[in-house]
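What follows is the residue order along each chain.
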Amino acid sequence: MHPQHALNQQMDYVHPAPVRVWHWINASGFLFLILTGFQIRYAESINLMTLSHAINLHNYVGFVVIANYFLWLSYYLGSGKIKLYIPDLRRVVGLAIRQARYYGFDFFLGRPNPHTMTAENKFNALQQQAYLVIMLVLLPAQMISGLFLWKVKGYEEYINLLGGIKVIDTIHVLLFFFFTSFLFIHCYLATLGHTPLAHFKAMFTGYENHH
Amino acid sequence: MNILTGFNLRYGLAILVLCSLSPSWAWGVENAECLECHSDESLTKESTDNILNTEITESLYVDEESFNHSIHNDNGIACVDCHADIEELNWDEELPHAATLESVCCCSCHEESAEEFKDSVHMEIRKKGVTMTCYACHGYHDVKPMEAALVSERANSVCLKCHNPAHTHDWLPAADSHFAFVECVVCHAPEVPRTINLRFYDLVTNQFLSGDQLLDTLGIEYDAFMTTVDTNGNQQIDTDEFDDLILMLKQKDVHAALRAELVAEINPLAHNIRSGSAQKDCGNCHAADSPYFNTVSILLTNADGSIERCTIDRSVLQSYYVNHFYLLGGTRVKLLDKIGLLILAGGACGAGLHLLGRILTSPIRRKKSKK
Ligand code: HEM
């Protein structure tokens, strides 16, 4: 048990250091990838930077995000904490409905969140499902399609097998829109803590406040 | 057809002028006469080279087969049209013409190309003592029609004889993609008009469909192709007309897609390669409104290397018919942008509405927490 945990029963150590480091690298990486991504796709109407800067920056940051992904993966697999992401199949439907009801209704009436965040049970049922799909399917798909776009000639065979560069690009772009949209919602939902900034602070300090 | 129209007035006149200057050869010397000796593979000439002063043996063999398929032969240019200093063959001598002939001047017929070549880097290098001939790039007895050629068969393979672009384009991301899809002179002779060439590619056999194959399948003649496809008669295949064409092919069990390349038109301006003036601005190509895809055409290739060009609406590049060619940003699928806008708007509205609900209901929660 973490020493401070004992000192203060109100605070729960939910975000260990590797997770916090991963998270903020990932977040700033995404921000850059989205900005440069817009610049690359809409070069004729956006003038943040030149196209070749945008492309180079996008590629470098892309690799940082990929490396960072492996930090996340090895931490969660290594520590066995990956089970935080795995929903309990017998209960997940009921829990998810309750959680959706909370976000859409109970929350407005000031009723309590059906899920309490603890180190052992960090995500509610909706988060579990969303993050699982994102981390194990969507983000890898984004990374792999990005790698293919980076060396079109080098990965020619695989690209042709998958139907051509435009198909790869379509995957990359649809996911890009999804992630950008996800980011809005993610940031917004993060303000639903007991104070609007509580969850943000927790991602820096590691401690989530309960009362 | 194309070849005939290609044989334009210019050359006709040039030849007429040549004829009137030296009437003796015009009626006299047939290719076959030259080939009596020069189709012999063992015919050689001993000479002293002018660099090392050593004895060298040069082959004087001319590959008749290859010459007969050249664009010059197709256009009726004979041996003596180029080797113009041979006015007649003197069959009394063992060697019926002068032992040393003047070098051939390509420029006598290709004035405009020569004019454009004059200020290029490849003429500049004369000052350094390097002489570049026209045939260093084009060859001479086997000049093939270039219009139907793929990027890999065009300048790109020619330039590689002397240059290794892998060393000079570090600043260009995905340089090998550019070399595969963009002809060197499109960037290096920026004034040359360019076009996107599209070819049918059979997805089942994994081969390009020649014009003949395609028309056979459709059961029509070359002349009838445009009138069949271009139903509204605007001399251009519009996207809906192209949809119909693909459907017709599908009904005949041909599953075709289009392969695209960015090439220079066959134009004298292609010679105007200068140091430091190449196209470097990515946005000129990688933007939806790029002038580089103003002309897009489908090529129907014939066995003899000639082609039929059918103009097609440039928006076909933004469709999934052209899946193996994508310029970031430039030929993007517009539908994706609309879907994207919906996804973004969905996320923003979701968050926005919840926030609104949260503000409106905040009195309820305040009351509750006071209790
Ligand atoms: C995770 C690793 C990623 C890699 C390796 C990667 C790589 C690439 C590459 C190579 C390209 C082609 C242009 C270029 O060379 O830069 C590209 C385009 C693009 N990327 Fe990424 N990317 C990644 C993640 C992302 C993310 C997370 C987003 C946004 C959420 C994104 C958005 C875009 C956009 C919008 C384009 C332009 C596509 C187009 O014009 O059609 N990328 N990416």
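Only a predicted model underlies this, so the values are computations on that prediction, with no experimental measurement involved.

Reading the values: rules and limits
- Residues numbered from 1 in each chain as written.
- Chains lettered and ligands numbered in written order.
- Predicted model: local features only at pLDDT ≥ 70, side-chain atom pairs only at ≥ 80, totals over all residues.
- Heavy atoms only, no water.
- Near = heavy atom within 4 Å.
- Polar contact = N/O pair within 3.5 Å; in protein donor to acceptor, adjacent residues only side chain to side chain.
- Buried < 20%, exposed > 50% of the residue type's maximum accessible area, 1.4 Å probe, protein only.
- Helix = DSSP H or I, 4+ residues; strand = E, 2+ residues; numbered from the N terminus.
- Pairing = 2+ DSSP bridges.
- Contact = heavy atoms within 4.5 Å.
- Buried area = accessible area lost by both parts, 1.4 Å probe.
- Salt bridge = Lys/Arg side-chain N within 4 Å of Asp/Glu carboxyl O.
- Core = buried A, V, L, I, M, F, W, Y, C linked by side-chain atoms within 4.5 Å.
- Domains from an automatic or database assignment.
- Nonpolar A, V, L, I, M, F, W, Y, C, P; charged D, E, K, R; others polar.
- Disulfide = S-S within 2.5 Å.
- pLDDT = per-residue confidence, 0-100.

1. What about the site of the ligand?
Reasoning step 1: If you check the shell around the ligand, you find 25 residues, and the closest are Arg41(A), His58(A), Asn59(A), His172(A) and Tyr326(B).
Reasoning step 2: Surrounding the ligand are residues belonging to chains A and B, so the site spans chains.
Reasoning step 3: At 2.8 Å from an oxygen atom of the ligand is found a side-chain nitrogen or oxygen belonging to Asn59(A).
Reasoning step 4: Tyr326(B) places a polar side-chain atom, nitrogen or oxygen, 2.6 Å from an oxygen atom of the ligand.

2. Some thoughts on the pairing of strand S5 (residues 256-264) of chain B
Residue and element names in this part refer to chain B.
Reasoning step 1: Of all the nine residues making up S5, eight are buried; the element is thus mostly covered by neighbouring parts of the structure.
Reasoning step 2: Note: strand S3 (residues 194-202) against S5, nine bridges, orientation antiparallel. Bridge pairing links threonine 195 to valine 263 in S5.

3. A short note on the interface of chain A and chain B
Reasoning step 1: Counting from both sides, the interface comprises 38 residues of chain A and, opposite them, 41 residues of chain B.
Reasoning step 2: Of the roughly 3,400 Å² buried between chain A and chain B on both sides combined, carbon and sulfur atoms contribute 66%.
Reasoning step 3: When the area that chain A buries against chain B is broken down by residue, the three leading residues are Phe108(A), Lys166(A) and Tyr188(A), summing to 22%.
Reasoning step 4: Our count for the contact surface shared by chain A and chain B stands at two salt bridges.

4. A word on the nonpolar core
Proteins that are soluble and globular tend to have nonpolar side chains buried together.
Reasoning step 1: Core analysis: the largest hydrophobic core is formed by 40 residues, its most contacted members being Ile196(B), Leu198(B), Phe200(B), Phe225(B) and Phe242(B).
Reasoning step 2: The set of elements that each furnish at least two residues to this core consists of helix H13 (184-188), S3, helix H14 (211-218), helix H15 (222-229), helix H16 (239-251), S5 and strand S6 (296-301) of chain B.
Reasoning step 3: Those residues in contact with Phe200(B) that sit more than four places away from it in its chain are Gln207(B), Phe208(B), Leu209(B), Leu214(B), Phe242(B), Leu245(B), Ile246(B), Leu249(B), Ala256(B), Ala257(B), Leu258(B) and Ile298(B).
Reasoning step 4: In this structure, Phe30(A), Tyr69(A), Ile82(A) and Tyr131(A) belong to the second largest nonpolar core, which totals 23 residues.

5. What to know about the domain arrangement of chain B
All names here are of chain B.
Reasoning step 1: Examined at the domain level, chain B breaks down into domain 1 (38-92 + 103-143), domain 2 (151-332) and domain 3 (336-370).
Reasoning step 2: Taken together, the contacts link 11 residues of domain 1 with 10 residues of domain 2.
Reasoning step 3: When domain 1 packs against domain 2, close to 950 Å² is buried across both sides, 56% of that on carbon and sulfur atoms.
Reasoning step 4: The tally of links between domain 1 and domain 2 comes to zero salt bridges.
Reasoning step 5: Applying the counting rule to domain 1 against domain 2 returns three residue pairs in polar contact (both at pLDDT 80 or more).
Reasoning step 6: Secondary structure elements with two or more residues in the side of domain 1 that touches domain 2: helix H8 (111-117), helix H9 (121-124) and helix H10 (135-138).
Reasoning step 7: For the side of domain 1 that touches domain 2, the leading source of residues is H8, giving four residues.
Reasoning step 8: Here the residues of the side of domain 1 that touches domain 2 are counted per class, giving four nonpolar, four polar and three charged.

6. Observations concerning the state of the cysteines
Residues and elements named next belong to chain B.
Reasoning step 1: Scanning all chains against the criterion turns up one disulfide over all chains.
Reasoning step 2: A disulfide bridge connects cysteine 105 with cysteine 107, and the sulfur atoms are separated by 2.2 Å. Looking along the S-S bond of the cysteine 105-cysteine 107 disulfide, the torsion reads about -75 degrees, which is the left-handed sense.
Reasoning step 3: Owing to a relative accessible area of 37%, cysteine 105 belongs among the partly exposed residues under this scheme.

7. Here's the deal with the confidence of the model for chain B
Residue and element names in this part refer to chain B.
Reasoning step 1: Per-residue confidence for chain B gives a mean pLDDT of 88; residues scoring 70 or more make up 92%.
Reasoning step 2: Put simply, helix H1 (residues 2-6) is where chain B has its lowest mean pLDDT, 41, and helix H17 (residues 334-360) is where it has its highest, 96.
Reasoning step 3: Low pLDDT, under 50, characterises residues 1-7; the stretch is placed with 11 contacts to residues that sit more than four places away or in other chains.
Reasoning step 4: A low-confidence stretch, residues 19-26 stays under pLDDT 50, and its non-local contacts, those more than four residues away or across chains, total eight contacts.
Reasoning step 5: With a pTM of 0.89, the predicted complex shows an ipTM of 0.91.

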